[in-house]
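# Structural overview for review
Letter by letter, the chains look like this.
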There are 2 protein chains.
Amino acid sequence: MIAKVKPIVDDVRTRGDAALLELTAKFDRVQLTSTVVFPPFAPASMQVAPDVRAAIDTAYVNIYKFHAAQAQDAALVVETMPGVVCSRFARPIARVGLYVPGGTAILPSTALMLGIPAQVAGCKEVVLATPPRPDGSISPEVMYVAHLVGASAVLKAGGGQAVAALAYGTETVPKVDKIFGPGNQWVTAAKMLVQNDTDALVSIDMPAGPSEVLVVADYTCNPAFVAADLLSQAEHGVDSQVVLVTVDLPLSTIDAIEVEVDRQANALSRVDILRQSIPKSIIVRTKSVEEALAFSNDYAPEHLILHLEDASARVALVENAGSVFVGPFSPESCGDYASGTNHTLPTNGYARQFSGVNTLSFQKHITSQELTSAGLKELGPVVATLADCEGLSAHANAVRIRLAASA
Amino acid sequence: MIAKVKPIVDDVRTRGDAALLELTAKFDRVQLTSTVVFPPFAPASMQVAPDVRAAIDTAYVNIYKFHAAQAQDAALVVETMPGVVCSRFARPIARVGLYVPGGTAILPSTALMLGIPAQVAGCKEVVLATPPRPDGSISPEVMYVAHLVGASAVLKAGGGQAVAALAYGTETVPKVDKIFGPGNQWVTAAKMLVQNDTDALVSIDMPAGPSEVLVVADYTCNPAFVAADLLSQAEHGVDSQVVLVTVDLPLSTIDAIEVEVDRQANALSRVDILRQSIPKSIIVRTKSVEEALAFSNDYAPEHLILHLEDASARVALVENAGSVFVGPFSPESCGDYASGTNHTLPTNGYARQFSGVNTLSFQKHITSQELTSAGLKELGPVVATLADCEGLSAHANAVRIRLAASA
């Protein structure tokens, strides 16, 4: 896949806007004359139904609150030895690119999830990229969110061509330092390609794959709720991963869940997708919560839902997961949209080593140290000994010349 | 370079230990019979001169203190709306690989810098990889540090073959979730290759390049100290980047620095390297601290040394840097070895978007949310509205079925 996307990325890198417009005409079937919209955005481009606007506003407030609490504004200061003070402080990544999938889908939630932590972190340049609709416009819901989060530019492009424009910049698209967001396999492959090009000098949030849920259920579960949670993951696409892990659950309850899955699915708009993805879901039967969570930790699911007795106490057993949904009234949909947590989460088992997108994803830490003359007198000989041991005499010299001067 | 290292990585992935032993014989000129040493390590393998051992112990304590202060053990808990509680908690990455360059060099400091945050974070499997010496052994200084940081295995291998063994595991080498550490271009290329293989399911700390220093000096600087700092970077190798940025400095002071560089260089063991790297260093003359720091922020140096009046107040101007060395008594060597900060830092301009290695590099954050029935009653309609807007009716259903049940 990386080999397939390379010609597209190379084309945008070398030919800039001209390539971007051609590729957008080819893949998105729309001939644009310019690729970027800058603020202030036209009010007409952001016209959203009042109930949707109110819902976006509420989601914005909740997500902002949780991500503001994650910001590390105060420096960490530790005096490791008398006269040796080490500090750590955070700075925003100056320029970021946010990829919001589009085309037929309208995804203001992804724009919120990527834009809010960028805003909280204080990123200066925030470029939101999303493929245009057939008429060349961007959905007003996404434009409204771009406005809310203070995006500095909206790039009307998708796929590998959008990622390339963000990574290298074009005549009109600002080059960014880090690229965030989910996307199809073209987007993911392009992100992986550019993160390994040191000339691009760009990083990415994480590798992205199909969405997953793992639901753990014991005798306290409501089969209708469990079924609804399985279905809400399954509707994402035919490649969605849906896993139910039962804890000492009688077959009758498992049957009840399956009956509910069937019953509810028939009333849902994406029933055709569900008919393909639900048969691929798996059920794992375990005897204890410990066994169930051990399986889950090994699977490292993007979403983990706990339909368990005393569910909140069981979170302590979670070692690997993107986000956890605790108890009967915490469906995944809440985290997908508006509880406050981020929905851009590690998939494919990458919850072993990646966090979901968060405020720190838009910052970096810088350390510093300041020694007094007395501090260097204490620490200097240690440093000189180690430098000599490693055969780096100029490193030792930088210490000794100071010690000699202040002796 | 990635294409060149690929056959090596593929060989280890498919043939495991047999390939690892062959490649070590080829590149490190030593025929081993086994590749991994497990603890407890033989006391004879860790015999270190008393002064070096004491220096390592002091460095260990300082680095441990600063990295322990970075650990985020307490969960962050935010009630975003009444009845909607969002949390974030940290978990160690279970299995990590630490690459410590070796061969002719002895680098216990790198083992400390990678091993201590892994130990602080609580990683369960810590595999330290380093190329063996011609007699098949590992330097006792590195083995002693492996013991101090509680490494669970020492892999006697280097280059792309070591990275491949860590990424995929072999019959004897445990597979890890994340690979850390500096290395030559083979190591860096192999890290980049495996991070893009989703079958390996491994991440890396950052791309690594040649080491750099940027020294900012004003009229308060001691030319001998500035010269010593430039030389201590220049001795790393002929590809080291050494930049001096002067702030309204008269030519006479610049001359004095150059005289000191010459004078000190002649007494240093790596004078041959210095003769090649010092002529490649550059001097940038600026008129103000603001101008100097703007240049530095654009350069984004790995190491930034401030020989400035009121230097600690100037740290506020730093936007991009790996680590900052503040004032006349804070040579880079202190941070390289023992002040407490980490010396594994972003190079090549990557300080724009990467932090140096720190305790969080060995942890990931998991979020969770728990809603009460009343909380869902408030938030549920918002979620259902957004799900409907995005055409995901199963997501809306997961909320509505709960609202109906508790109505």
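Being a predicted model, the structure only gives us computed values, none of them experimental. (Residues numbered from 1 in each chain as written. Chains lettered and ligands numbered in written order. Predicted model: local features only at pLDDT ≥ 70, side-chain atom pairs only at ≥ 80, totals over all residues. Heavy atoms only, no water.)

With that settled, consider the interface of chain A and chain B. When the parts of a complex come together, some accessible area is lost, and that lost area is often used as the size of the interface. The partner chain B presents 124 residues to the 124 residues of chain A that form the contact. Roughly 10600 Å² of surface becomes buried between chain A and chain B when both sides are summed, with 60% attributable to carbon and sulfur atoms. In this structure, the connection of chain A to chain B is made through 4 salt bridges. Residue B:Glu319 pairs with A:Arg91 through a salt bridge whose shortest N-O separation is 4.0 Å. The interface formed by chain A and chain B holds 72 residue pairs in polar contact (both at pLDDT 80 or more) in total. The element best represented in the side of chain A that touches chain B is helix α3 (residues 50-70) of chain A, accounting for 11 residues. Looking at side-chain class alone, the side of chain A that touches chain B contains 59 nonpolar, 43 polar and 22 charged residues. Across 3 bridges, strand β14 (residues 363-371) of chain A lies against strand β13 (residues 323-326) of chain B in parallel orientation. Looking at the pairing, A:Thr367 lines up with B:Ser323 of β13(B). (Contact = heavy atoms within 4.5 Å. Buried area = accessible area lost by both parts, 1.4 Å probe. Salt bridge = Lys/Arg side-chain N within 4 Å of Asp/Glu carboxyl O. Polar contact = N/O pair within 3.5 Å; in protein donor to acceptor, adjacent residues only side chain to side chain. Helix = DSSP H or I, 4+ residues; strand = E, 2+ residues; numbered from the N terminus. Nonpolar A, V, L, I, M, F, W, Y, C, P; charged D, E, K, R; others polar. Pairing = 2+ DSSP bridges.)

Okay, the UniProt feature "active site" (unreviewed entry) in chain A next. Residues and elements named next belong to chain A. Following the UniProt record, one finds the feature "active site" (unreviewed entry) at Glu302 and His303. Locating glutamate 302 in the fold gives a position in the loop between α11 (289-299) and β12 (303-307). Taking relative accessible area as the criterion, glutamate 302 reaches 6% and is therefore assigned buried. Those residues within four positions of glutamate 302 in sequence are excluded, and the remaining contacts are Ser211, Glu212, Ala321, Gly322, Ser323, His343, Leu345, Pro346 and Thr347. (UniProt positions renumbered as here; feature names shortened; annotations may be inferred. Buried < 20%, exposed > 50% of the residue type's maximum accessible area, 1.4 Å probe, protein only.)

For the rest of this paragraph, the subject is the relation of the copies chain A and chain B. Superposition of chain A onto chain B requires a rotation of 180 degrees combined with a translation of 0.0 Å along the rotation axis, giving an RMSD of 0.0 Å. These values place the two chain copies in the arrangement generated by a two-fold rotation axis. Relative to the rotation axis, the closest C-alpha in chain A is found at A:Asn196, a distance of 4.3 Å. Residue by residue, 100% of the interface of chain A is reproduced at the interface of chain B, so both copies engage with the same surface. (Least-squares fit on C-alpha atoms with pLDDT ≥ 70 in both.)

With that settled, consider the domain arrangement of chain A. For chain A, the assigned domains read domain 1 (2-205 + 359-364), domain 2 (212-350) and domain 3 (377-405). The centre of domain 1 of chain A, based on its C-alpha atoms, is set 46 Å off from the matching centre of domain 3 of chain A. (Domains from an automatic or database assignment.)

With 50 residues, the main nonpolar core has A:Leu112 and B:Leu379 as its most contacted residues. Counting only elements with at least two residues in this core, the list comes to α3, α4 (108-121), α5 (140-148), α8 (223-234) and α13 (332-337) of chain A together with α14 (373-389) and α15 (393-405) of chain B. Take this core: its biggest share by element is 8 residues, from α14(B). Discounting residues that sit within four places of it in the chain, A:Leu112 has contacts with A:Ile56, A:Ala59, A:Tyr60, A:Ile63, A:Pro117 and A:Val145. (Core = buried A, V, L, I, M, F, W, Y, C linked by side-chain atoms within 4.5 Å.)

By definition, the strands of a sheet pair up through backbone hydrogen bonds, in either a parallel or an antiparallel sense. Strand order in the open sheet formed by 8 strands is β11(A)-β10(A)-β9(A)-β12(A)-β13(A)-β14(B)-β3(B)-β2(B), and the pairing between neighbours is mixed. In the strand order of this sheet, the two ends are held by β11 (282-286) of chain A together with β2 (76-81) of chain B, each with one partner. The average angle at which neighbouring strand axes cross in this sheet is 20 degrees, direction not considered. Note: strand β3 (residues 84-92) of chain B against strand β14 (residues 363-371) of chain B, 9 bridges, orientation antiparallel. Bridge assignment links B:Pro92 to a residue of β14(B), and that residue is B:Gln363. Contacting β10 (241-247) and β11 of chain A, helix α9 (residues 251-265) of chain A runs over the sheet at an angle of about 160 degrees to β11(A). (Axes fitted to C-alpha atoms, helices over the stretch in contact; angles between N-to-C directions.)

On to the pairing of strand β6 (residues 153-156) of chain B. All names here are of chain B. Every second residue of β6 is oriented toward a common face, with Ala153 and Leu155 on one face and Val154 and Lys156 on the other, all of them buried. Note: strand β5 (residues 125-130) against β6, 4 bridges, orientation parallel. Bridge pairing in β6 links valine 127 to alanine 153. With helix α5 (residues 140-148) bridging β5 and the parallel β6, this β-α-β connection has right-handed handedness. (Right-handed = clockwise from strand over helix to strand, strands pointing away.)

Now for the packing of aromatic side chains. Residue and element names in this part refer to chain A. For the structure shown, the criterion picks out 12 aromatic pairs over all chains. The interplanar angle of 45 degrees and the centroid separation of 6.4 Å between the aromatic rings of phenylalanine 27 and tryptophan 186 together place this pair among those described as tilted. Separated by 159 residues along the polypeptide, phenylalanine 27 in helix α2 (residues 17-27) and tryptophan 186 in helix α7 (residues 185-195) bring together distant segments of the chain. The partly exposed category is assigned to phenylalanine 27, whose relative accessible area is 37%. One residue, arginine 13, lies across the ring of tyrosine 168, its end atom 5.7 Å from the ring centre. (Phe/Tyr/Trp six-rings, centres within 6.5 Å; stacked < 30°, edge-to-face > 60°. Lys NZ or Arg CZ within 6 Å of the ring centre and 35° of its normal.)

Before going further, it helps to spend a moment on the sheet that holds strand β7 (residues 178-180) of chain A. All names here are of chain A. The strand order across the open sheet formed by 6 strands is β1-β6-β5-β4-β7-β8, and the pairing between neighbours is mixed. Every interior strand has two partners, whereas the edge strands, β1 (36-37) and β8 (203-204), have only one. Note: β1 against strand β6 (residues 153-156), 2 bridges, orientation antiparallel. Residue pairing for β6: valine 36 is matched across the bridge by leucine 155.

A word on the pattern of salt bridges. Residues and elements named next belong to chain A. The tally for this structure, following the rule as stated, stands at 24 salt bridges over all chains. Put simply, aspartate 10 and arginine 13 hold a salt bridge, and the shortest N to O gap is 3.2 Å. In this pair, aspartate 10 and arginine 13 are both assigned in helix α1 (residues 2-15), 3 residues apart and thus about one turn of the helix distant. For aspartate 10, a relative accessible area of 22% translates into the label partly exposed. Members of the salt-bridge network, linked through shared partners, are Lys6, Asp10 and Arg13.

Relative to the assigned elements, A:His307 resides in strand β12. Given the relative accessible area of 3%, A:His307 is considered buried. If we skip the residues at most four places from it in the chain, A:His307 touches A:Val215, A:Val216, A:Ala217, A:Asp218, A:Thr220, A:Cys221, A:Phe225, A:Val226, A:Asp229, A:Gly327, A:Pro328 and B:Arg402.

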